[in-house]
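# Tertiary structure, described
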Amino acid sequence: MTAINKVDPEKSIKRAKNVRAKKKSWSLSVQNRNYTWETGMDRIEIIREKLPFESIETVSSKVDLPIKRLLELIGMPQTTYNKKLRERGLLSTHESELILMMAELIEFGNHVFNEEQEKFTRWLKKPNLSLGGKTPESLFDSLTGIMEVRYCLNRIEYGNLA
């Protein structure tokens, strides 16, 4: 005889509420505008809308990374940045995506380091064995690099060496 598992509707509702309560949203404030997203689809909408060039400054200040270095990582000449900033231009979709992914990574990294931004910033600048001896910030030039840094932070969060 097989046992039939009965589902308690109240427990299912509580579990669903807990999952919703834990759902993470990210945000990036630029030029008195707050870009907020919870899902990949939300992120895609923002990417297609494109971010203003000032978002580079916002991300730069969040991780104490000089704008010049961030521009190198996203492959943008300083002169282009200065011109587009004056014209109040928008980033390309690729650049917007990199900036949003960096913003997510920065929020997650600060969470992993218990909101101690200085510790997280130092960690970003130190060579890391699990990243092939490269510094985490040096991998910000691609989505794959950003995801590798994210995986490394996941390992730290769950107690694995990274």
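Presented here is an overview of the structure given in this document. Every chain is numbered independently, its residues counted from 1 as its sequence is written. The predicted nature of this model means local features are confined to residues of pLDDT at least 70 and side-chain atom pairs, given and counted, to a pLDDT of 80 or more, with totals for whole chains, interfaces and linings taken over all residues. Neither water nor hydrogens contribute to the side-chain values; these are computed over all heavy atoms in the structure.

## Things to note about unusual backbone geometry
In this model, Asn32 sits at a positive phi of 60°, which is unusual for a non-glycine residue. By the element assignment, Asn32 lies in the loop between strand 1 (26–30) and strand 2 (33–37). Only protein chains enter the accessibility calculation, which uses a 1.4 Å probe; a residue whose area is less than 20% of its type maximum is buried, one above 50% is exposed, and one in between is partly exposed. Residue classification places Asn32 among the exposed positions, given a relative accessible area of 88%. Non-glycine residue Asn114 carries a positive phi angle of around 55°. In this description a helix means any DSSP run of H or I spanning at least four residues, a strand means any run of E spanning at least two, and both kinds are numbered starting from the N terminus. Topologically, Asn114 is positioned in the loop between helix 6 (93–112) and helix 7 (117–125).

## Quick word on the layout of surface pockets
Space inside and on the surface of the protein is sampled on a 1 Å grid over the protein atoms alone, with a cavity defined as a set of points where a 1.4 Å probe fits but cannot get out and a pocket as an open set with protein on both sides within 12 Å along at least 5 of 7 lines; lining residues have an atom within 4 Å of a point. Grid points are joined across faces, edges and corners, and a volume is the space filled by probe spheres set on the points. Here the largest pocket is characterised by a volume of approximately 160 Å³. As for the largest pocket, its lining consists of Lys24, Trp26, Glu107, Phe108, His111, Arg150 and Glu157. Among the secondary structure elements, those contributing two or more residues to the lining of the largest pocket are helix 6 and helix 8 (143–157). With 3 residues, the top contributor of residues to the lining of the largest pocket is helix 6. All residues other than Ala, Val, Leu, Ile, Met, Phe, Trp, Tyr, Cys, Pro, Asp, Glu, Lys and Arg, Gly among them, are scored as polar; the first ten of these are nonpolar and the last four charged. Among the residues making up the lining of the largest pocket, the classes are represented as 2 nonpolar, 1 polar and 4 charged.

## Overview of the pairing of strand 1
Of the two faces of strand 1, only one is covered, namely that formed by Trp26, Leu28 and Val30; the face formed by Ser27 and Ser29 stays uncovered. Strand pairing follows a simple DSSP-based rule, namely that at least 2 bridges must link the two strands. Pairing of strand 1 with strand 2 involves 5 bridges; the strand directions are antiparallel. Following the sheet pairing, Ser29 is matched in strand 2 by Asn34. A loop of 2 residues connects strand 1 with strand 2, the two strands running antiparallel in sequence, and Gln31 in this loop sits at a positive phi of about 50°.

## As for the packing of aromatic side chains
What characterises a pair of aromatic rings is the spacing of the ring centres plus the angle enclosed by the ring planes. Classification of ring pairs rests on two measures: the distance between centres of Phe, Tyr or Trp rings, Trp counted by its six-membered ring, which must be within 6.5 Å, and the angle between planes, read as stacked under 30 degrees, edge-to-face over 60 and tilted in between. Counting across every chain of the model gives 5 aromatic pairs. For the ring pair Phe53 and Tyr81, a centre distance of 6.3 Å and an interplane angle of 45° mean the geometry is tilted. Of this pair, Phe53 sits in the loop between helix 2 (40–49) and helix 3 (54–62) while Tyr81 sits in helix 5 (residues 78–86), and the two are 28 residues apart along the sequence. Among the residues examined, Phe53 registers a relative accessible area of 3% and is labelled buried. Assessed through its relative accessible area of 3%, Tyr81 is described here as buried. A centroid spacing of 6.2 Å and a plane angle of 20° characterise the contact between Phe120 and Trp123, whose relative ring orientation is stacked. In this pair, Phe120 and Trp123 both sit in helix 7, 3 residues apart, roughly one turn of the helix. In this structure an aromatic cluster arises from ring pairing among Phe113, Phe120 and Trp123. The side chain of Arg150 reaches across the aromatic face of Phe108, ending 3.9 Å from its centre. Distance and angle both matter: a charge sits over a ring if NZ of Lys or CZ of Arg is within 6 Å of the ring centre and within 35 degrees of the ring normal.

Everything listed here is a matter of geometry and, on its own, says nothing about what the molecule does.
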